[in-house]
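Listed below, chain by chain, are the residues.
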There are 4 protein chains.
Amino acid sequence: MSTANIEEATTSCSLRPKEQDAELARAIGEFEHLSTVDNFNRVACKVRPISASAEKLLCELTIEAEHVNTKGTLHGGFSASLVDIITARAIGVTVKDKGMASVEIAVSYLLPVKMGDRIEIEARVLKIGRNLAFTDIEFRRPDGKVAVKGKHTVAILPNDPPVTATGRVVQF
Amino acid sequence: MSTANIEEATTSCSLRPKEQDAELARAIGEFEHLSTVDNFNRVACKVRPISASAEKLLCELTIEAEHVNTKGTLHGGFSASLVDIITARAIGVTVKDKGMASVEIAVSYLLPVKMGDRIEIEARVLKIGRNLAFTDIEFRRPDGKVAVKGKHTVAILPNDPPVTATGRVVQF
Amino acid sequence: MSTANIEEATTSCSLRPKEQDAELARAIGEFEHLSTVDNFNRVACKVRPISASAEKLLCELTIEAEHVNTKGTLHGGFSASLVDIITARAIGVTVKDKGMASVEIAVSYLLPVKMGDRIEIEARVLKIGRNLAFTDIEFRRPDGKVAVKGKHTVAILPNDPPVTATGRVVQF
Amino acid sequence: MSTANIEEATTSCSLRPKEQDAELARAIGEFEHLSTVDNFNRVACKVRPISASAEKLLCELTIEAEHVNTKGTLHGGFSASLVDIITARAIGVTVKDKGMASVEIAVSYLLPVKMGDRIEIEARVLKIGRNLAFTDIEFRRPDGKVAVKGKHTVAILPNDPPVTATGRVVQF
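As recorded in an unreviewed UniProt entry, chain A goes by Thioesterase domain-containing protein and comes from Pristionchus mayeri.

Caption draft 1: Seen up close, the environment of A:Thr70. All names here are of chain A. Within the secondary structure, threonine 70 sits in the loop between β2 (56–62) and α2 (76–92). Of the residues examined, threonine 70 reaches a relative accessible area of 31% and is grouped as partly exposed. Each C-alpha atom, one on threonine 70 and one on cysteine 45, is 21 Å from the other, the two residues being 25 residues apart in sequence.

Caption draft 2: Structural context of the pairing of strand β3 (residues 99–109) of chain C. Burial within β3(C) is extensive, with 11 of its 11 residues counted as buried. Two elements, β3(C) and strand β3 (residues 99–109) of chain D, share five bridges in a ladder whose sense is antiparallel. By the bridge assignment for β3(D), C:Ser108 is matched with D:Glu104.

Caption draft 3: Region of interest: the relation of the copies chain A and chain B. With an RMSD of 0.0 Å, the fit of chain A onto chain B corresponds to turning through 180° and sliding 0.0 Å along the axis. The relationship between the two copies is best expressed as a two-fold rotation axis. Closest approach to the rotation axis among the C-alpha atoms of chain A is made by A:Ala106, whose C-alpha sits 2.1 Å away. Both copies contact each other with a shared surface, as 100% of the interface residues of chain A are interface residues in chain B too.

Caption draft 4: Expanded view of the interface of chain A and chain B. With 35 residues of chain A in contact, the opposing surface of chain B contributes 35 residues. For the pair chain A and chain B, the two sides together bury roughly 2500 Å², of which 51% comes from carbon and sulfur. Of all residues in chain A, A:Phe40, A:Thr70 and A:Tyr109 bury the most surface against chain B, accounting for 23% of the area lost on that side. The interface formed by chain A and chain B includes zero salt bridges. When residues of the side of chain A that touches chain B are traced back to their parent elements, those giving at least two are α2 and β3 (99–109) of chain A. Counted by class, the side of chain A that touches chain B contains 16 nonpolar, 12 polar and seven charged residues.

Caption draft 5: Structural view of the packing of aromatic side chains. Under the definition given, this model contains six aromatic pairs over all chains. Taking 6.3 Å as the distance between ring centres and 75° as the angle between the ring planes, the aromatic pair formed by A:Phe40 and B:Phe40 counts as edge-to-face. Taken together, the residues A:Phe40 in the loop between α1 (17–33) and β1 (48–52) and B:Phe40 in the loop between α1 (17–33) and β1 (48–52) connect one chain to another. Note on accessibility: A:Phe40 and B:Phe40 belong to one class, buried. Seen in terms of ring centroids, C:Phe78 and D:Phe40 are 5.3 Å apart; in terms of plane orientation they differ by 55°. Their pairing is tilted. With one member in each of two chains, C:Phe78 in helix α2 (residues 76–92) and D:Phe40 in the loop between α1 (17–33) and β1 (48–52) form a pair that bridges those chains. Considered together, C:Phe78 and D:Phe40 belong to a single accessibility category, that of buried residues. One aromatic cluster is present, formed by A:Phe40, A:Phe78, B:Phe40 and B:Phe78 through successive ring pairs.

Caption draft 6: Fine view of the sheet that holds strand β4 (residues 118–128) of chain B. Read across the open sheet, the 12 strands follow the order β1(A)-β2(A)-β4(A)-β5(A)-β6(A)-β3(A)-β3(B)-β6(B)-β5(B)-β4(B)-β2(B)-β1(B); overall the sheet is antiparallel. Taken across any chain shown, the strands that pair with only one partner, and hence form the sheet edges, are β1 of chain A together with β1 of chain B. When the angles between neighbouring strand axes are averaged without regard to direction, this sheet yields 20°. Along the sheet face, α1(A) touches β1 and β2 of chain A and points at about 160° away from the line of β1(A). Against the sheet, α1(B) makes contact with β1 and β2 (56–62) of chain B, and its axis sits at roughly 165° relative to β1(B), the strand it touches most.

Caption draft 7: Spotlight on the nonpolar core. Counting residues in hydrophobic clusters, the biggest one holds 213 residues, and the most contacted among them are A:Ile86, B:Ile86, C:Ile86 and D:Ile86. When residues no more than four places from it in sequence are discounted, the contact partners of C:Ile86 are C:Phe31, C:Val47, C:Leu57, C:Cys59, C:Ile121, C:Ala123 and C:Ile137.

Caption draft 8: A look at the packing of α1(A) against α2(A). Residue and element names in this part refer to chain A. Orientation of α1 relative to α2, taken along the N-to-C sense of each, is 145°, at an axis distance of 11 Å. Crossing of α1 over α2 shows right-handed handedness. Listed contacts from α2 to Glu23, Arg26, Ala27, Glu30 and Phe31 of α1 are Ile85, Ile86 and Arg89.

Caption draft 9: Looking closely at the sheet that holds strand β6 (residues 146–157) of chain D. Judged by pairing direction, the sheet is antiparallel, and its 12 strands sit side by side in the order β1(C)-β2(C)-β4(C)-β5(C)-β6(C)-β3(C)-β3(D)-β6(D)-β5(D)-β4(D)-β2(D)-β1(D) without closing on themselves. The outermost strands of the open sheet, each flanked by one partner alone, are β1 (48–52) of chain C together with β1 of chain D. Each neighbouring strand pair of the sheet contributes to a mean axis angle of 20°, computed without reference to strand direction. As paired strands, strand β4 (residues 118–128) of chain C and strand β5 (residues 132–140) of chain C are joined by eight bridges and run antiparallel to one another.

Caption draft 10: Layout of the pattern of salt bridges. Taken as a whole and assessed by the stated rule, the structure comprises 72 salt bridges over all chains. Across the pair C:Glu104 and A:Lys151 runs a salt bridge whose closest N-O atoms are separated by 2.9 Å. In this pair, C:Glu104 is assigned in strand β3 and A:Lys151 in strand β6 (residues 146–157), connecting two distinct chains. In this structure, C:Asp117 engages C:Lys114 in a salt bridge whose closest nitrogen and oxygen atoms are separated by 3.5 Å. Beyond isolated ion pairs, a larger network of salt bridges with shared partners links A:Lys56, A:Glu120, A:Glu122, A:Glu138, A:Arg140, A:Lys149, D:Arg124 and D:Asp136.

Caption draft 11: Representation of the environment of A:Val146 in the model. Here A:Val146 lies in strand β6. Leaving out residues up to four positions away in the same chain, A:Val146 has contacts with A:Leu110, A:Leu111, A:Glu138, A:Phe139 and A:Arg140.

Caption draft 12: Region of the structure containing α2(A). Over its 17 residues, α2(A) runs 24 Å from end to end, which matches the ideal 24 Å to within 8%, given 1.5 Å per residue. Here α2(A) lies mainly inside the structure; 17 of its 17 residues are buried.

Caption draft 13: Expanded view of the packing of α2(C) against helix α2 (residues 76–92) of chain D. Taken N-terminus to C-terminus, the directions of α2(C) and α2(D) make an angle of 155°; their axes are 8 Å apart at the nearest point. One element, α2(C), and the other, α2(D), form an angle in the roughly antiparallel class. Regarding α2(C) and α2(D), the two cross each other, and that crossing is right-handed. Residues C:Gly76, C:Gly77, C:Phe78, C:Ala80, C:Ser81 and C:Asp84 of α2(C) form the contact with α2(D), whose own contacting residues are D:Gly76, D:Gly77, D:Phe78, D:Ala80, D:Ser81 and D:Asp84. Broken down by class, the residue content of the contact of α2(C) with α2(D) amounts to four nonpolar, six polar and two charged.

Parameters and conventions
- Residues numbered from 1 in each chain as written.
- Chains lettered and ligands numbered in written order.
- Predicted model: local features only at pLDDT ≥ 70, side-chain atom pairs only at ≥ 80, totals over all residues.
- Heavy atoms only, no water.
- Helix = DSSP H or I, 4+ residues; strand = E, 2+ residues; numbered from the N terminus.
- Buried < 20%, exposed > 50% of the residue type's maximum accessible area, 1.4 Å probe, protein only.
- Pairing = 2+ DSSP bridges.
- Least-squares fit on C-alpha atoms with pLDDT ≥ 70 in both.
- Contact = heavy atoms within 4.5 Å.
- Buried area = accessible area lost by both parts, 1.4 Å probe.
- Salt bridge = Lys/Arg side-chain N within 4 Å of Asp/Glu carboxyl O.
- Nonpolar A, V, L, I, M, F, W, Y, C, P; charged D, E, K, R; others polar.
- Phe/Tyr/Trp six-rings, centres within 6.5 Å; stacked < 30°, edge-to-face > 60°.
- Axes fitted to C-alpha atoms, helices over the stretch in contact; angles between N-to-C directions.
- Core = buried A, V, L, I, M, F, W, Y, C linked by side-chain atoms within 4.5 Å.
- Left-handed = near helix turned anticlockwise from the far one by under 90°.
- Expected span 1.5 Å × (residues − 1).
- Parallel < 35°, antiparallel > 145°, perpendicular 65-115°, else oblique.

Structure (structure tokens):
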């Protein structure tokens, strides 16, 4: 079938340094805020953004007991949750006034990550179209090897601004 | 490339009724046990198996605040976590003396699920080979519509029995 | 993130028997027509639909030399091509006046299929929304075992009717 | 579940320049050879490798009538076939004496590609383990934008050397 979907990308517009600092501060604040929520997003509260742009959100996380499986290594379901939450937040750098909904998530598990390891997580926004956004994400271990690769395809919902009851805009 | 992988399936061997009852009891007990663990598997502690066989594990779950996103609907990352945990448990009906590791997870999000809804989750074991197992899973809403579809491909690790420090065998 | 995408499904409206016969005849004709085209759809020209409804398109195919890999078994790339083409045609039973574009395809390879085997291919339409359609597909061998499982998520393009230069409406 | 699969990667060993030239010549020859075969691999006969290493196989292809869909843009099924064939060939730079079998393929379609466009296709080998190899691939348009992203997870079959009847070793 056709590989032509909806329309051209609009992610080319980068942010200026000042805006990037503001975006990073906003992203750090939103992840910190997750320690106070009781919905599922709380599982990502220890993720710390270290750089933010329209194209890329780079984060770090130290793997603790709450993140692992029975073997004491990074849990595949938790990894998939981070693929969802972090890529959605990366789209949120550009898409601020619209709702979003997951369409597809896929995750490949290449190598284990041990408890105590600090991993680097890099989410990339590949395309933001009118109706769909495409992202991918890579989890890298302290030895620099890719442990987890994922992607997240997101529907953008024009008439569904992501505003909470408190009026606080959240991207996940 | 070839679609021939490793070798023939071994899931055809079904269980007799008595064995199914024992498997169901075991599965119910393992999910209940998750409310006592501090690793990531705890997020699945409210899943309740309602039937278990070598081919299929059927569960139910009522969606609560801890399972949803900012919009109050089933969280995509939590759904992906259940794809991982429930399909792994379904393989565990057959594979008891070997370790397992996720290779790939993929999830499609078709429809939202509201807080308070009780969903039916059906995991199917499609193939168990010497090195790989293939599963899929479907989340159905009270109206019978498919809300989430997923799959989980798992590596089987001969020399890595899934025994915990306490000697308790767990399948996730 | 949210699993709420666009809106409710509209595939519940089934076809009456007469309409199903007409749909089947149309589908058979379109696949036969592919033997006359020079675009990539030609690779599917030997697929034969055996039943067609809004929910399901069932086809059969005998594996020949043109469909296999170096080992003489069903080619993984050809299988992926059929996932694309046959699921798109299944959506075409319902979506007749709009264009479509692939968003995501995923394929799992469970077992090999030998040259000469006649396989049954069942495509299911899981949801058709305003902007997106979700399908899955299963290839079954003569022994009844699932050899290939796939899914195809499709964008529906309101302002892009799928009409060819000749005015012939095609769904792939 | 665990993200620990099989064992550590072995792709770190790069090739020296002379070996890279030899690998590139071999890869070019194998794709040219596909114009003479009658199996499905023939669809990739116009792919031209432009660099080859243990980590990466870079190719180019000009989109012709045989590669497109009804709309005259790159066919999604053909793209998926190239994801399969080109990533398998990339693994073949390192894995020469063993058989391989596809486990999973996934493809995301971001933007259309017009007939006549020359695209760059970059396959990366992310990990080669004892039993599994992980790859990804990106199709870039003349304007530098990513049109297609894919991944291919492959089983490595120790006792199944990929030798044809003629004794010619082929990697796809």
